[in-house]
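Examination of the molecular architecture
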Amino acid sequence: MINFIKGLSIGFILGILLAPDSGAATRKKLTRVGTDIRDDVEDTYTDISNSVSDKVSQIKDEANELMHTGQQGYSSFASSQGRL
């Protein structure tokens, strides 16, 4: 991800330096590209955040299920010990 952003930045800078546009047109391009980069970073952050959140919820559910199974097993074991 960091390498992608570095590459994007280098390409952007080279494109601006080599472009034969006026100062006003260059500023508009800078604003547009900066906004696009910001939007892409925000989208990537949101995607990663949602993915991590979903994975954490899945792990919590699995942990709760294992704990419940362990409690049932312990209860069964404890009650069988009382009968001996």
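Structure's up top.
Residues numbered from 1 in each chain as written. Predicted model: local features only at pLDDT ≥ 70, side-chain atom pairs only at ≥ 80, totals over all residues. Heavy atoms only, no water.

1. Things to note about the overall build of the protein
Each helix and strand in the protein was counted, giving two helices and zero strands. Relative to the 2.2 N^0.38 estimate, which gives 12 Å for 84 residues, the radius of gyration of the protein is 28 Å and therefore markedly larger than a compact globule would have. Principal-axis analysis of the C-alpha atoms places the extent of the protein at approximately 90 × 20 × 5 Å. By residue count, 2% of the 84 residues in the protein fall in the buried class. Per element, the accessible surface of the protein, about 7,100 Å² overall, is 61% carbon and sulfur. For the protein, the centre of its 9 positive side-chain charges and the centre of its 11 negative side-chain charges are spaced 7 Å apart. (Helix = DSSP H or I, 4+ residues; strand = E, 2+ residues; numbered from the N terminus. Rg over C-alpha atoms; globule rule 2.2 N^0.38 Å. Buried < 20%, exposed > 50% of the residue type's maximum accessible area, 1.4 Å probe, protein only. Areas by Shrake-Rupley, 256 points an atom, 1.4 Å probe, with all protein chains shown as cover. Lys, Arg positive; Asp, Glu negative; His and termini not counted. Charge placed at Lys NZ, Arg CZ, Asp CG, Glu CD.)

2. Some thoughts on a nonpolar patch on the surface
Together, Ile10, Ile13, Leu14, Leu17 and Leu18 make up an exposed nonpolar region whose accessible area comes to about 560 Å². Note on placement: Ile13 falls in helix 1 (residues 2-18). Judged by relative accessible area, which is 47%, Ile13 ranks as partly exposed. (Patch = residues over 30% accessible without salt bridge, like charges linked within 9 Å, V, L, I, M, F, W, Y side chains within 5 Å. Salt bridge = Lys/Arg side-chain N within 4 Å of Asp/Glu carboxyl O.)

3. Some points on the environment of Asp36
With respect to the helices, strands and loops of the structure, Asp36 is situated in helix 2 (residues 23-82). A relative accessible area of 40% means that Asp36 is categorised as partly exposed.

4. Focus: a negative patch on the surface
A cluster of acidic residues, Asp36, Asp40, Asp43 and Asp47, forms a negative patch on the protein surface. Note that Asp40 resides in helix 2. On the accessibility criterion, Asp40 (39% relative accessible area) is partly exposed.

5. So, the pattern of salt bridges
Applying the stated criterion across every chain, the model contains two salt bridges. Put simply, Arg38 and Asp39 hold a salt bridge, and the shortest N to O gap is 3.4 Å. Arg38 is the partner of Glu42 in a salt bridge, and the nearest nitrogen-oxygen pair spans 3.9 Å. A residue pair is termed a helical-turn pair when its members lie 3 or 4 positions apart in one helix, as Glu42 and Arg38 do in helix 2 at four residues. Taking the relative accessible area as the measure of exposure, Glu42 reaches 44% and is therefore partly exposed. Each of Arg38, Asp39 and Glu42 takes part in a single network of salt bridges with overlapping partners.

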